[in-house]
Amino acid sequence: MKRRFSTLIAGLAAATSLAAAPAIAGGPTSADIVNDAATPGDVISYGMGPWQQRFSTLDKLNTQNVTKLIPVFGASLGGEKQRGQEAQPLVYDGTIYVTGSYSRLFAFDARTGEKKWEYNARLPDGIMPCCDVVNRGAAIHGDKVIFATLDAHLVALDRHTGKVLWNKKTGEYQAGYSATAAPLIVKDMVITGNSGGEFGIVGAVQARNVDTGELVWERPVIEGHVGTLKGQPNGMTGKLNASWTGDLWKTGGGATWLGGTYDPSTNTVFFGTGNPGPWNSHLRPGDNLYSASTLAIDVDTGVIKWHYQTTPHDGWDFDGVNEFVPFDATIKGKPMKLGAKADRNGYFYVLDRTNGKLMGAHKFVMQTTWANGIDLKTGRPNYVPENRPGAPDAAVKGKSVFASPSFLGGKNWMPMAFSQDTGLFYVPSNDWGMDIWNEPIAYKKGAAYLGAGFTIKPIADDHIGALRAMDPTTGKIVWEYKNKAPLWGGVLATRGNLVFTGTPEGFLKAFDAKTGAELWKFQTGSGVVGSPITWEQDGEQFVAVMSGWGGAVPLWGGEVAKTFKEISQGGMLWVFKLPKQ
Amino acid sequence: MSRPVLGRREFLASAILFAALPSTANAAPLEKVKDLGVLRVGLYADNRPWSWAEGGKAMGIDADIARTLAEALGVRADIQLFLADEDISDDLRNVVWRGGLLGFQPCDVMLHVPFDRTLMQQENNVVFLSPYYRETFGAACSREVGNCEAAPAAFKGRKVAAELASIPDFYLLGYAGGTLAKDLIHLPTGYGAAAALTDGTADFAVATTAQIEAVVKDHPDAGIKVRKGPLPMMMSPGWDIGIAVKENARNLGFALDEAIEKMIANGRLAAIFAQHGVAWKPALAAQA
């Protein structure tokens, strides 16, 4: 396939050494982390670089030889916590650092698979974590590895010993706060979002000193709340009651539970925000800013530079948390700084990342019943009003509405990849819808409640999951790979013209990045819902992925469950390479 | 499947739906409780006046009932105040028949469980017993208000209070096309909403009758006026509450049921309610 536009590597990946990173006594610095995408000898950030393109410049492993890829070792996380391994490993100085479900962090020898140490967060047994027991990965800086725990703490460990260096509470687990995302390290700060139960919480982004865990700035994401910088008030988010009624902004939701990406060239971090509360949109007229949005936040001050709301006045639980991945491309002859996001709501958005202006929005799933496209002039969806779930106005079962995508989204948390060679995004998507109705017989905390009943169901005979290669400049889907069960794992693209992703059926698969032809697969023994990585070590190219079925999907019964009913739980790190010649 | 909240991105719920089956018996749960000398009772945390913690002790109507039930079995009560999950189905799984994913052990019995035929049909892993009270929603006003029997629309422009994301919240937000939405103050609990009438925070509150009555008792000098007439277009007619035990613990459930019957007959139950300012009302299901 002809490259449709040129990609620029933009300072980030300046043509520095492509050799394995030297083992520095002090460990990776913030500068090393910014340069991660250009140092394939290590993986020292979630997303393999601040842009989180999940693209490796390595090509020793390629479409010609990937069929020979074999496992080097499998390392068990042990114990009984065999569930929901959604992490992306890190590799540094001969060690693989990977988080496990239930707030665990492991260090394995990258050559032998032997465990060096293991850290188990002591969690209060009364936690009812909102967002599964998963964890998506750690961050590394200096002598520390840092990760977030289910009881809403941020923990920094000595990367050599696994001993705790600092441990900071980021929210009250009793109030429903939790944390599962990989932290982002920028300019010696560790930047995280928050997550938690639906009601009463307000999304926020926090930046902390990486050495001490002390708060530097905090930015609440719902309008009306005031941010802080070095302990001082630092301006209100948005304008009070501009898009909310009464005091609902105080408990407006918008959890930033998936973390963020970073663009050094604009000194900006990008965080997505969750759905607004309460769940029924008829009770909160207005756009409900900045829920279901992408926010561009100044790294140094925590001030919002721009926002783009993907689902104004959300009524379907279309969280806007999905990752915003910066990339550079030439559009109509003009080189541009862009970013892309494949939203829960089924649309793939391309924005000018310097100002948030919408450049394009295209459907990346089979069906979007809630809107007929996105208006490029206003940046707003063309809603289909009759497909908005109804108001909870009576003690009778309401009219059922069919909505697609389902609330689990056209794409959920699992990160997409961008190939600087093909210029394509590789989006792990799902084609499914839901029937949704108001449910009068519901109870919450011992009291009658008006809930919503829903049933998630497939919308195609042959698949739910679909890995789609999307041209961000045209919105054209260049190829797609269909998978029977929902896809729930991250994607990796490489200069070897390969795309890797895992399936709930247990396979790690490799595809031709240009054609989508499936070239290789390996059965890991449990569903793959983690994100694969690749790196170079001792002159050879390695690939690693976590195996261990879990996350949100196994909850759902009915037709969707039929696609994974035989899948067993697990908890294993798999590492692959080509055999020595 | 019915869920009260759409919001969650990744539900935990049930590994069990697809993996572990309910553990095999435990043939004699009642004997086990007596042997161990402890009845482990699950109550909602922060659910005043029913159950809440104060100075490390479980307080409230349900806490007092739990202690009385333990006493009836000749054992000590081990009260576990747990965090409410998204709906009753989650709570029953976490507290009664499976336990929490992070190590919370199941309780022998949970109190304050809605007693509802539809719910019973959905929940095969627990037994519902002993409906012991009828919950309803009501309203009250601050001393500043002249006529608390007026239609809620009369409170436009004054502060009205409700528990966040409760039926009273939805009622007031949606009432008469949202006419009160701008005046609504959201509090974390219904008790808190009623208590907002005591200090000038709000002039009108919708909460459960028990929450309102308890606040009136706790603030005897506040001049709170309890609305006597029904709330027009209120979505819920009320509901019964009872107890739940694990499906294989029927003999324990029957023993507790007998103890509650006795408490009703001898006035002990009504006395416990009265200590908290709440007028005991028999469950509808118990009056048939």
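In this text the structure is predicted, and so the values were computed from the model without any measurement. (Residues numbered from 1 in each chain as written. Chains lettered and ligands numbered in written order. Predicted model: local features only at pLDDT ≥ 70, side-chain atom pairs only at ≥ 80, totals over all residues.)

Asks: Explain the overall build of chain A to me, please; I cannot follow it from the model alone.
Replies: Counting secondary structure elements, chain A contains two helices and 42 strands. At 22 Å, chain A has a C-alpha radius of gyration in line with the 25 Å of a compact globule built from 581 residues. Seen along its three principal axes, the alpha-carbon backbone of chain A occupies a region of about 70 × 55 × 55 Å. In chain A, which comprises 581 residues, the proportion classed as buried is 62%. Once local pairs closer than 6 in sequence are excluded, the contacts in chain A between residues at least 24 apart make up 61%. (Helix = DSSP H or I, 4+ residues; strand = E, 2+ residues; numbered from the N terminus. Rg over C-alpha atoms; globule rule 2.2 N^0.38 Å. Buried ≥ 20, exposed ≤ 12 C-beta atoms within 10 Å, placed from the backbone. Contact = placed C-beta atoms within 7 Å.)

Asks: Got a minute to help me understand the overall build of chain B in this structure?
Replies: Assigned secondary structure in chain B consists of 10 helices and 13 strands. Computed over the C-alpha atoms, the radius of gyration of chain B is 20 Å, within 12% of the 19 Å expected from 2.2 N^0.38 for a compact globule of 288 residues. For chain B, the C-alpha atoms occupy an extent of roughly 60 × 45 × 40 Å along the three principal directions. Counting only residues that meet the buried cut, chain B has 55% of its 288 residues in that class. For chain B, the share of sequence-separated contacts (at least 6 apart) that also reach a separation of at least 24 residues comes to 74%.

Asks: Please clarify how the environment of Lys580(A) should be interpreted in this entry.
Replies: Counting through the fold element by element, Lys580(A) comes out in the segment after β42 (572-577). Remark: the alpha-carbon pair of Lys580(A) and Glu540(A), spanning 40 residues in sequence, is separated by 8.7 Å.

Asks: I keep staring at unusual backbone geometry and nothing clicks. Help me out?
Replies: Both trends apply: most residues other than glycine have a negative phi, and most peptide bonds are in trans. Residue and element names in this part refer to chain A. Of the consecutive residues Leu289 and Tyr290, the connecting peptide bond is found in the cis state with omega at -10°. Note that Tyr290 resides in the loop between β20 (268-272) and β21 (293-298). Unusually for a residue other than glycine, Ala152 sits at a positive phi of about 60°. On the secondary structure map, Ala152 appears in the loop between β8 (144-148) and β9 (153-158).

Asks: It is not clear to me how the nonpolar core should be interpreted in this structure. Could you clarify?
Replies: Considering soluble globular proteins, one finds that nonpolar side chains tend to be buried as a cluster. Ranked by internal contacts, the top residues of the largest apolar core, which has 269 residues, are Tyr426(A) and Ala205(B). Sorting elements by how many residues they give to this core places strand β33 (residues 447-458) of chain A first, with seven residues. In this structure, this core is formed jointly by two domains, domain 1 (28-135 + 239-286) and domain 2 (137-226) of chain B, each of which donates at least three residues. Setting aside chain neighbours within four positions, we find Tyr426(A) in contact with Met416(A), Ala417(A), Leu467(A), Ala469(A), Val491(A), Ala493(A) and Val499(A). (Core = buried A, V, L, I, M, F, W, Y, C linked by C-beta atoms within 7 Å. Domains from an automatic or database assignment.)

Asks: Please clarify how helix α8 (residues 209-218) of chain B should be interpreted in this entry.
Replies: In an α-helix there are 3.6 residues to a turn, and that puts residues three or four apart on one side. All names here are of chain B. Burial analysis of α8 places eight of its 10 residues in the buried class, the great majority of the element. Thr209, Ala210, Gln211, Ile212, Glu213, Ala214, Val215 and Val216 are the residues of α8 that are buried. Buried residues along α8 sit in contact with β7 (126-135), β8 (137-141), α7 (190-195), β11 (204-208) and β12 (225-226).

Asks: Looking at this structure, how should I read the sheet that holds strand β41 (residues 540-547) of chain A?
Replies: All names here are of chain A. Read across the sheet, four strands follow the order β2-β42-β41-β40 without closing on themselves; strand pairing throughout is antiparallel. Each edge of the sheet is formed by a strand with only one pairing partner; in this case those strands are β2 (70-76) and β40 (533-537). The sheet shows a mean angle of 25° between the axes of neighbouring strands, direction not considered. By the bridge criterion, six bridges tie β41 to β42 in an arrangement that is antiparallel. (Pairing = 2+ DSSP bridges. Axes fitted to C-alpha atoms, helices over the stretch in contact; angles between N-to-C directions.)

Asks: Just to check I follow, could you spell out the domain arrangement of chain B for this structure?
Replies: For interface size, the figure often reported is the accessible area lost on association. Residues and elements named next belong to chain B. Looking at chain B, the domain boundaries give domain 1 (28-135 + 239-286) and domain 2 (137-226). With centres defined by C-alpha atoms, the gap from domain 1 to domain 2 works out at 28 Å. Contact residues are listed per partner, giving eight residues for domain 1 and 10 residues for domain 2. For the side of domain 1 that touches domain 2, a count of residues per class yields three nonpolar, two polar and three charged. (Nonpolar A, V, L, I, M, F, W, Y, C, P; charged D, E, K, R; others polar.)

Asks: Help me understand the pairing of strand β10 (residues 164-169) of chain A, please; the structure alone is not making it clear to me.
Replies: With five bridges joining them, β9(A) and β10(A) adopt antiparallel strand pairing. Pairing of His153(A) across the sheet is with Lys169(A), part of β10(A).

Asks: Help me understand the pairing of β40(A), please; the structure alone is not making it clear to me.
Replies: Regular strands place side chains that alternate from one sheet face to the opposite one. Residue and element names in this part refer to chain A. When you tally the buried positions in β40, you get four out of five residues, the bulk of the element. Across five bridges, the pairing between β40 and β41 is antiparallel. Directly across from Glu536, in β41, lies its bridge partner Gln541.

Asks: Could you clarify how one ought to interpret the sheet that holds strand β16 (residues 215-220) of chain A in this entry?
Replies: As a general point, the strands of a sheet are linked pairwise by backbone hydrogen bonds and lie either parallel or antiparallel. All names here are of chain A. One open sheet holds the six strands; their spatial order is β12-β13-β15-β16-β17-β18, and the pairing between them is antiparallel. Bordering the open sheet on either side are β12 (184-186) and β18 (232-236), each of which pairs with just one other strand. Strand-to-strand twist in this sheet, taken as the mean axis angle between neighbours without regard to direction, amounts to 25°. Looking at chain direction, β16 and strand β17 (residues 226-229) are connected through two bridges and run antiparallel. Note that in β17 the partner of Trp217 across the bridge is Leu229.

Asks: Sorry, what's going on with helix α4 (residues 88-97) of chain B here?
Replies: Residues and elements named next belong to chain B. Most of α4 sits out of view: nine of its 10 residues are buried. Among the residues of α4, those classed as buried are Ile88, Ser89, Asp91, Leu92, Arg93, Asn94, Val95, Val96 and Trp97. Where α4 terminates, the next one or two residues include Gly99, which has phi positive at roughly 105°.

Asks: Which parts of the structure should I look at to understand the packing of helix α2 (residues 29-36) of chain B against helix α9 (residues 250-265) of chain B?
Replies: Helices that pack against each other are described as a pair by the angle of their axes relative to one another and the distance between those axes. Residue and element names in this part refer to chain B. Direction vectors running N to C along α2 and α9 enclose 70°, while the axes themselves pass 6 Å from each other. Of the possible angle classes, the one that applies to α2 and α9 is roughly perpendicular. Residues Pro29, Leu30 and Val33 of α2 pack against Asn251, Leu252 and Ala255 of α9. Its residues assigned to classes, the contact of α2 with α9 comprises five nonpolar, one polar and no charged. (Parallel < 35°, antiparallel > 145°, perpendicular 65-115°, else oblique.)

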